[in-house]
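Descriptive structure summary
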Amino acid sequence: MADTVRYLLEEMVPELEDMEQRGYFSRHEIKQIVQKRQDFEYSLKRRAGLKEDYLRYIEYETRLEQLRQHRRKERGITGKKSLADYAIVRRVHFIYERATRKFRGDLGLWSRWLAFCQRTGSSRQMSRALTKALQLHPTAPALWTYAAAWEFEHNLNAAAARALMQRGLRMCKDAPALWHEYFRMELLYAMRLRERRRVLGIDDVSLGNGQPTEQEHEQEQQQEGEEDVEGAKDGPGDESAAAVKAVLNGAVAAVVYRSAVKAVPGSVDFRRKFLDILRPFDFPGKAGLQELVYTSVAADFADSGQAWDLRARRHIDSCTATADGEASEAAQAEAVQAAIATYQEAVQTVPTAEMYSLFAAFLRERLQGLLERVGSQQQAKRAQQRRQQAEGLALTRTLLEVCGQAAKARCLTEDMALQWPKLHLRCGNPAAALEAARSAAATLPRSPATCQQLVGLEACQLAQEAQLASSSAAGSPPVAGSTSSSSDSGSSSDKEEELRGANVRQHQAKQLERVVLEALGSVPVEAAGELWLLGLQALVGGGAPLGGLCWKLEEAVAGLPRGPVQGGMGAVAAAVLSALERTRGLGAARKLYRKLLKLPAPGAEFFHAILGMELLAGEAQADACGGTESADAQRLSAKQLRDVFEAAVDAYGEHDWRLWLRYLQFEQQHGKGAGQVYWRAVKALADPELFITECQRQKLQQ
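Residues numbered from 1 in each chain as written. Predicted model: local features only at pLDDT ≥ 70, side-chain atom pairs only at ≥ 80, totals over all residues. Heavy atoms only, no water.

**Digging into the overall build of the chain**
- Assigned secondary structure in the chain consists of 33 helices and zero strands.
- Out of the 702 residues belonging to the chain, those deemed buried represent 39%.
- Long-range contacts, defined here as pairs at least 24 residues apart, represent 65% of the contacts in the chain between residues at least 6 apart.
- Accessible surface for the chain amounts to roughly 39400 Å². Of this, 51% is attributable to carbon and sulfur atoms. (Helix = DSSP H or I, 4+ residues; strand = E, 2+ residues; numbered from the N terminus. Buried < 20%, exposed > 50% of the residue type's maximum accessible area, 1.4 Å probe, protein only. Contact = heavy atoms within 4.5 Å. Areas by Shrake-Rupley, 256 points an atom, 1.4 Å probe, with all protein chains shown as cover.)

**Some remarks on the nonpolar core**
- With 76 residues, the main nonpolar core has Met19, Trp179, Phe183, Leu187 and Phe274 as its most contacted residues.
- If you tally residues by element for this core, the top one is helix α5 (residues 83–102), at seven residues.
- Excluding residues within four positions of it along the chain, phenylalanine 274 makes contact with Trp179, His180, Phe183, Tyr257, Ala260 and Val293.
- In this structure, Leu553, Leu577, Leu586 and Leu685 belong to the second largest nonpolar core, which totals 68 residues. (Core = buried A, V, L, I, M, F, W, Y, C linked by side-chain atoms within 4.5 Å.)

**Quick word on the packing of helix α10 (residues 176–200) against helix α14 (residues 251–263)**
- The interhelical angle for the contact between α10 and α14, taken along N-to-C directions, is 170°, at an axis separation of 9 Å. For the element pair α10 / α14, the angle class is roughly antiparallel. Residues Trp179, Tyr182, Phe183, Glu186 and Leu187 of α10 touch α14, and the partners they reach there are Val252, Ala253, Val256, Tyr257, Ser259, Ala260 and Ala263.
- Partitioned by chemical class, the residues of the contact of α10 with α14 number 10 nonpolar, one polar and one charged. (Axes fitted to C-alpha atoms, helices over the stretch in contact; angles between N-to-C directions. Parallel < 35°, antiparallel > 145°, perpendicular 65-115°, else oblique. Nonpolar A, V, L, I, M, F, W, Y, C, P; charged D, E, K, R; others polar.)

**Details of the side chain of arginine 98**
- With respect to the element layout, arginine 98 can be found in helix α5.
- Arginine 98 has contacts with Leu8, Glu41, Leu44, Lys45 and Tyr54, leaving out every residue within four places of it along the chain.

**Things to note about the side chain of glutamate 667**
- For glutamate 667, the position within the fold is in helix α31 (residues 657–670).
- For glutamate 667, a relative accessible area of 4% translates into the label buried.
- Among residues more than four places away in sequence, those in contact with glutamate 667 are Arg642, Lys672, Gly673, Ala674 and Val677.

**Re helix α25 (residues 529–541)**
- Under the 1.5 Å per step criterion, the end-to-end length of α25 is 19 Å for 13 residues, consistent within 8% with the ideal 18 Å.
- Where α25 terminates, the next one or two residues include glycine 543, which has phi positive at roughly 70°. (Expected span 1.5 Å × (residues − 1).)

**Digging into helix α4 (residues 51–75)**
- A rise of 1.5 Å per residue sets the reference length of α4, with its 25 residues, at 36 Å; its end C-alpha atoms lie 36 Å apart and thus fit the reference within 8%.
- Residues of α4 that are buried: Asp53, Tyr54, Tyr57, Ile58, Glu61, Thr62, Leu64, Glu65, Arg68 and Arg71.
- Where α4 is buried, its residues contact α3 (27–44), α5 and α6 (107–120).
- Of the residues one or two after α4, glycine 76 is the one with positive phi, at around 65°.

**Considering the environment of alanine 133**
- Within the secondary structure, alanine 133 is located in helix α7 (residues 123–136).
- Judged by relative accessible area, which is 0%, alanine 133 ranks as buried.
- As a C-alpha pair, alanine 133 and leucine 114 span 19 residues in sequence and 9.6 Å in three-dimensional space.
- Beyond its immediate stretch of four places on either side in the chain, alanine 133 contacts Trp110 and Leu143.

**Here we look at the pattern of salt bridges**
- The tally for this structure, following the rule as stated, stands at 39 salt bridges.
- Here glutamate 554 makes a salt bridge to lysine 595, at a shortest N to O gap of 3.9 Å. Of this pair, glutamate 554 sits in helix α26 (residues 547–558) while lysine 595 sits in helix α28 (residues 586–596), and the two are 41 residues apart along the sequence. (Salt bridge = Lys/Arg side-chain N within 4 Å of Asp/Glu carboxyl O.)

**Examining a nonpolar patch on the surface**
- The grouping of Val199, Leu200 and Ile202 at the surface amounts to a nonpolar patch, some 290 Å² of accessible area in total.
- Tracing the backbone through its elements, the reader meets leucine 200 in helix α10. (Patch = residues over 30% accessible without salt bridge, like charges linked within 9 Å, V, L, I, M, F, W, Y side chains within 5 Å.)

**Section: the packing of aromatic side chains**
- By the definition in use, this model includes 18 aromatic pairs.
- Geometrically, the ring pair formed by tyrosine 257 and phenylalanine 274 is edge-to-face, given 5.0 Å between the ring centres and 85° between the ring planes. Here tyrosine 257 is found in helix α14, whereas its partner phenylalanine 274 is found in helix α15 (residues 268–278), with 17 residues between them in sequence. Of the two residues, tyrosine 257 and phenylalanine 274, neither departs from the other in class, the shared state being buried.
- Ring centres of tyrosine 343 and phenylalanine 359 lie 4.9 Å apart, and the angle between their planes is 5°; on these two criteria the pair is classed as stacked. One end of the pair, tyrosine 343, is in helix α18 (residues 325–349); the other, phenylalanine 359, is in helix α19 (residues 353–376), and 16 residues separate them in sequence. (Phe/Tyr/Trp six-rings, centres within 6.5 Å; stacked < 30°, edge-to-face > 60°.)

**A closer look at unusual backbone geometry**
- Positioned with a positive phi, leucine 156 is a non-glycine residue whose angle comes to about 55°.
- Within the secondary structure, leucine 156 is located in the loop between α8 (141–154) and α9 (158–171).
- Residue classification places leucine 156 among the exposed residues on the basis of a relative accessible area of 59%.

**A look at the environment of leucine 517**
- Take leucine 517: it is sitting in helix α24 (residues 484–522).
- Of the residues examined, leucine 517 reaches a relative accessible area of 21% and is grouped as partly exposed.
- Taking C-alpha positions, leucine 517 is 10.0 Å from valine 455, a pair spaced 62 residues apart along the chain.
- With near-sequence residues (within four places) excluded, leucine 517 lies in contact with Gly548, Leu549 and Lys552.

**Examining the confidence of the model for the chain**
- A residue-level look at the chain finds 85% of positions with pLDDT of 70 or above and a mean pLDDT of 84.
- Low confidence marks residues 205–234, where pLDDT is under 50. Its contacts with residues over four positions away, or in another chain, come to 12 contacts.
- Low confidence marks residues 321–327, where pLDDT is under 50. Its contacts with residues over four positions away, or in another chain, come to five contacts. (pLDDT = per-residue confidence, 0-100.)

**What about the packing of helix α2 (residues 13–22) against α3?**
- Between α2 and α3, whose axes approach to 10 Å, the crossing angle comes to 150°. Of the possible angle classes, the one that applies to α2 and α3 is roughly antiparallel. You can see that α2 and α3 cross each other, and the crossing is right-handed. Seen from α2, the contacting residues are Glu15, Leu16, Met19 and Glu20; seen from α3, they are Arg27, Ile30, Ile33, Val34 and Arg37.
- Looking at the contact of α2 with α3 residue by residue, the class counts come to five nonpolar, no polar and four charged. (Left-handed = near helix turned anticlockwise from the far one by under 90°.)

The structure is reproduced here in C-alpha cells:
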C-alpha cells in the first residue's frame with residue numbers, strides 16, 4: 001500500500017513543479033497539497049474503502065482547481081497552457097475512474113462524473129465514461145437519454161443520438177420516459193432542419209404557418225396546369241420534396257409515436273405526455289400530430305374516464321388568445337361549451353364516479369379561473385362584467401346539474417358531495433343546500449365528511465327556524481280591547497301559541513336527534529370521532545334530548561377495544577359526560593359513566609372527565625354551609641373514588657402520568673397511602689421522568 005501511494009505521489013512531481021513555476025502556488029502550499037493528497041490516498045487504500053473518502057478527495061481537488069483558476073485571473077497569468085492548467089482536472093477524472101471501478105453499481109457516482117465532464121468540457125472523458133456506464137447499466141433509461149442528449153446537443157450528431165435512443169429502447173422495454181425523450185428529440189431535429197433551411201433560404205413554404213401567400217398560390221395554379229405535361233418527368237423530384245416536407249413537419253416523430261403506442265398500449269397518461277411535449281412547439285405539422293394522439297386515445301380508450309377528460313380538455317388547449325380581448329373571450333366561451341358537450345357525451349357513455357368527478361373538477365377549475373379573472377379586472381366594462389357573470393351562472397348551474405345526475409346514478413364522489421351544498425349556499429339557497437346534503441349523505445352513508453356536513457346544515461336550519469319563530473312572536477301586535485273577556489281570550493291565544501311553538505321545537509329536536517343518530521350509525525366508529533363531537537354540539541344547541549346519544553355511545557364503546565390515551569372515543573365520552581352534567585345534572589352523568597366503566601375503557605380522557613367532575617362536586621358540597629343532598633347529588637366516598645382511580649391506572653397507568661399525579665394528590669388529601677401510590681407510579685410508567693419532575697415541582701410527598 002505504501003509503495004502504491006509513493007508511486008502516485010512521485011507522478012505528481014512534474015505538475016506540482018509547473019504550478020510553482022507558473023506562480024499558482026508557493027512552495028509551502030505545494031507541501032500542504034502533497035501532504036493532503038497523501039492522506040487521501042492512504043484513506044482510499046484501506047481494506048474497506050468508503051465512497052465518502054472518494055467524494056471528499058474529489059471535493060478537495062475541485063476546490064483546488066477553483067482556487068487555481070481564481071489566481072490565474074487575479075494574478076494575470078497568461079501564456080500557453082501547460083501541465084498545470086489541466087493536471088488537477090485530469091486527477092479528478094482519475095479519482096472518479098477509481099471510484100466507479102470500486103462502486104460500479106452506484107448510479108449517483110456515475111451521474112456525478114458525467115456532470116463533472118460536462119462542466120469542465122471534457123468531451124473525450126465524457127465519451128469514455130458514458131460507454132463504461134452503459135456497459136455496466138444497460139437497463140438504466142436515464143443513462144441512454146443522457147448519452148443521446150450529449151450526442152445531439154454537444155456533438156450535433158443526430159444519427160448517433162437516434163441510434164443510442166433505439167438501442168436504449170431495445171434494452172429498456174419498460175421505459176415510457178425513453179419514448180417521450182425520443183419523441184422530443186425528433187421534434188427538435190425537425191425544428192433544427194427547418195431553421196437551417198430558413199437561414200439558407202431553402203423551401204420557405206414549410207417554414208411559415210402552413211398558409212401559402214398569393215405568389216405561392218399563383219405558382220401552385222401554374223403547376224396544376226402543367227401537371228399533365230410534366231408529371232412523368234418531375235415525379236421523383238416531387239416525391240423527394242414531399243418526403244422532405246413530411247420530415248420537416250414531424251413525420252418521423254409520428255412514426256416514433258406509433259411505435260411507442262405499440263410498446264406501451266394501456267396508459268392514457270403515457271399518451272398525455274406526448275401532448276405536453278408538443279405544446280411549446282410551433283410548426284405546420286403540430287396540429288396533425290395532436291390529431292394523431294387524440295384519435296389513438298379515442299380509438300383505444302373508449303371506456304376510460306381519463307381519455308374522455310383528455311378529449312374534452314382538447315378544446316380548451318386548442319383555444320388560442322387573439323389580439324382582440326373580446327374575440328378571445330368569445331373563443332374561450334365557445335371552447336368551454338364544446339368541452340362541456342364532450343363531457344356530457346362522456347357521462348352518457350361512461351357513467352362512472354370517475355367520469356362525473358372529472359367533469360365536476362373541470363367546471364370548478366373554470367369557475368375558479370373566472371373568479372380570478374373578474375377579481376383582476378376591477379375596471380372592466382359593464383358589458384364584459386355582465387358576460388362574465390352570465391358565464392359564471394351558467395357554469396354553476398351546469399355543475400349543480402352534474403352533481404345531481406351523479407347522485408341519481410350513485411356515482412357521487414366525496415369531493416363532489418362536499419362541494420354540492422356549498423354551491424347552493426353560494427347561490428343563496430340554504431333549503432336546496434340541505435336537500436343536497438341529505439342526498440349526498442344517502443349516497444355516501446359511510447363518509448364521515450358528508451355526514452358531518454349534513455349534521456351541521458340540519459343544526460343551522462333548526463337554529464334559523466327557531467330564530468325566525470322568536471322574531472315573529474316578538475313582532476306580533478298586541479291584542480286590542482280593554483275588557484276582561486278580551487284579555488282572557490288574548491292570554492288563552494298566547495298560551496296556545498306557546499304550546500304550538502313548543503310542539504314545533506320538540507318535533508324539530510327529535511328530527512335533529514334522528515339525523516344525528518342515523519349518521520352515527522352509518523359511519524364506522526373508528527372514523528366518527530369528529531362526527532360524535534359535532535352531533536353532541538348540535539343536540540345540545542338545539543335542545544334535543546341526549547338519551548339516544550348515550551345509548552348509541554354505550555353501543556359504540558362495547559364494540560371497540562381499549563381506546564387511546566388521547567382522542568378517540570375517550571374524548572367523545574368525556575364530552576358527553578360534561579354535556580349531561582350541564583343539562584341533566586350529576587346524577588345522569590353518574591348513571592352513564594357507571595355503565596361505561598363495565599365496558600372496555602374508551603380512553604384516558606374519559607377517566608379524567610369522571611375524576612374532575614367528582615372531585616369538583618365533592619369540593620363544592622364540602623364548601624356548602626347547609627342544606628340537604630339528594631341521593632344522586634351526594635358526593636362519592638373516598639373508597640368509591642379510589643375504585644375509579646384504580647380502574648383508571650389499571651387501564652392507562654403505563655402511559656398517562658397525569659392520572660397518577662391526580663391519584664397522588666387525592667391520597668395526600670384523603671389518606672395515608674401517598675408514598676405507595678408514588679412508587680407504584682414510578683414502576684408502572686414507561687417514562688416516569690415527567691411524573692417525577694412534576695412531583696418535585698409541586699413538592700408532593702413521596
